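Geometric and topological summary
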Amino acid sequence: MSDIKNPSANQMWGGHYSQGPAETMARINASIDVDKALYRQDIAGSTAHCQMLAAQGILPQADADAILKGLEQVLGEIESGDFTYSQSLEDIHMHVEARLKDIIGEASGRLHTARSRNDQVATDFRLWVRDAIDHLDGELKNLQLALLARAEEHSHTVMPGFTHLQVAQPVTLGHHLMAYVEMFSRDRGRFQDARKRLNESPLGAAALAGTSFPLDRHATAKALGFDRPTANSLDSVAARDFALEFLAASAITAQHLSRFAEELIIWSSSQFGFIKLSESFTSGSSIMPQKRNPDGAELVRGKSGRVFGALISLLTTCKGLTLAYNKDLQEDKEPVFDAADTLAICLQVTAGMVSDFTANTARMRESAMSGYSTATDLADWLVRSLNIPFRDAHHITGRAVKLAEGKGVRLDELSLAELQSVHSGITQDVFSVLTVEASVASRKSYGGTAPELVQQAAKTFRENLK
């Protein structure tokens, strides 16, 4: 039986407080609507803590057994949806503790021995972010596999490569898609780096100074899959750089997704006509029956702002905090949870669009032939065949382009005599390098767009992903 005389007083510090908080204070203080997402991690942390307390002789085994059985019941009730949440209990930690008390009685109060909500939430949050990284890594891998499949399919499909969104040189669609495989590979690396750094257990740091109880923090760290316990109790409860690093990696990934989404939007426009997005990821117009709007890609592009905002939000929350814990850190989870959910759905939608778009290969090739995209091939031929310094070859080629522009033809449509009018040494052999197919086939330097290199790069990536 509790000795708190005023039932409105907070159950956790009612010995010092004789009345409950103001109604507005209770509303601003409650975080259960957000942090109930931590229930699995909270119960896992409590389970490890309970087992360690018993092993250290701090907690009677009978009480430990009752607590562990009660925690299993609480977990089952939450997962089955048979659990009642209340704003008056503030957060997931108090909900679990209160329900545990309902189930096993006063023995539940022993669970909080040598533990504070400060190290408890820091542990829960690290566990959650670690799980989120593992989930997002799987989504990134699925997107890479989708890109690899299309890159292999289109290793020979010629399209224009752009700089400044102006036609620059011919590339292949496969090569273009492989660029994003590389980007998402680095994204996966950033998440894995973040995972390594966050994988230390704050449990046992207590409020901020550690505890006088003979804890085995290495045991709880091992039980929860951490590499080691955190080394400083103040840092243990105050640090949120693991969440910031997660959000930074998320923001960079979202930026990559947004760049790709922008290209899908442009490519699917009637002006470009490179691809056609399926009905699964587009929508029609309420007034214009001919429209097929790239809504999936536009939403991926738009939602990048939410992920960027999450990073800025948490950076701002943390920027002026003294050691150790401050209530401001209650605001750490919402942006992280939202960013993780947003990024996951964007990755899934992007993988879907990649898998089922239809490429208009003829239109891509036609566009690749425009804009004098083989001009650099002509300059390179002059260097190789006539031993002309590249800067001179550049000027000669510029004159050839100007001549072709004046006649309204492509470079390969100029006659040999017309090409010789800009340099007398040009021979019939020059026409072997002026087609877009010849251009991409010649780009055999490591990392180039030659179809055989694209196929090899895709093969290597696919083997590494296994």
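Structure's up top.
Quick caveat, the model's predicted, so the values are computed rather than measured.

Moving on: the side chain of Asp 187. As for its placement among the helices and strands, Asp 187 is situated in helix 7 (residues 173-198). The residues contacting Asp 187, other than those within four sequence positions of it, are Leu 140, Ile 252, Thr 253 and His 256.

By the definition in use, this model includes 2 cavities of 30 Å³ or more. Considered as a void within the structure, the second largest cavity measures approximately 30 Å³ in volume. Around the second largest cavity sit Asp 42, Gly 45, Ser 46, Arg 115, Gln 120, Thr 123, Asp 124 and Leu 203, which together line it. Of all the secondary structure elements, the ones that give two or more residues to the lining of the second largest cavity are helix 3 (39-55) and helix 6 (117-153). Of the residues that constitute the lining of the second largest cavity, the class distribution is 1 nonpolar, 4 polar and 3 charged.

Another aspect to go through is the nonpolar core. Judged by nonpolar contacts, the single largest core of 90 residues is most densely connected at Val 129, Leu 147, Phe 246 and Val 336. Sort the elements by how many residues they give to this core and helix 10 (residues 241-267) lands first, with 14 residues. Each residue touching Leu 147, except ones within four places of it in the same chain, is listed here: Leu 177, Tyr 180, Val 181, Phe 184, Phe 260 and Val 354. Counting 19 residues, the second largest nonpolar core, distinct from the first, contains Ala 379, Ala 393, Leu 411 and Leu 434.

Cut-offs applied
- Residues numbered from 1 in each chain as written.
- Predicted model: local features only at pLDDT ≥ 70, side-chain atom pairs only at ≥ 80, totals over all residues.
- Heavy atoms only, no water.
- Helix = DSSP H or I, 4+ residues; strand = E, 2+ residues; numbered from the N terminus.
- Contact = heavy atoms within 4.5 Å.
- 1 Å grid on protein atoms, 1.4 Å probe; cavity = no way out; pocket = protein on both sides within 12 Å on 5 of 7 lines; lining within 4 Å.
- Points joined across faces, edges and corners; volume = space filled by probe spheres on them.
- Nonpolar A, V, L, I, M, F, W, Y, C, P; charged D, E, K, R; others polar.
- Core = buried A, V, L, I, M, F, W, Y, C linked by side-chain atoms within 4.5 Å.
- Buried < 20%, exposed > 50% of the residue type's maximum accessible area, 1.4 Å probe, protein only.

All quantities given are derived from atomic positions and should not be read as evidence of function.
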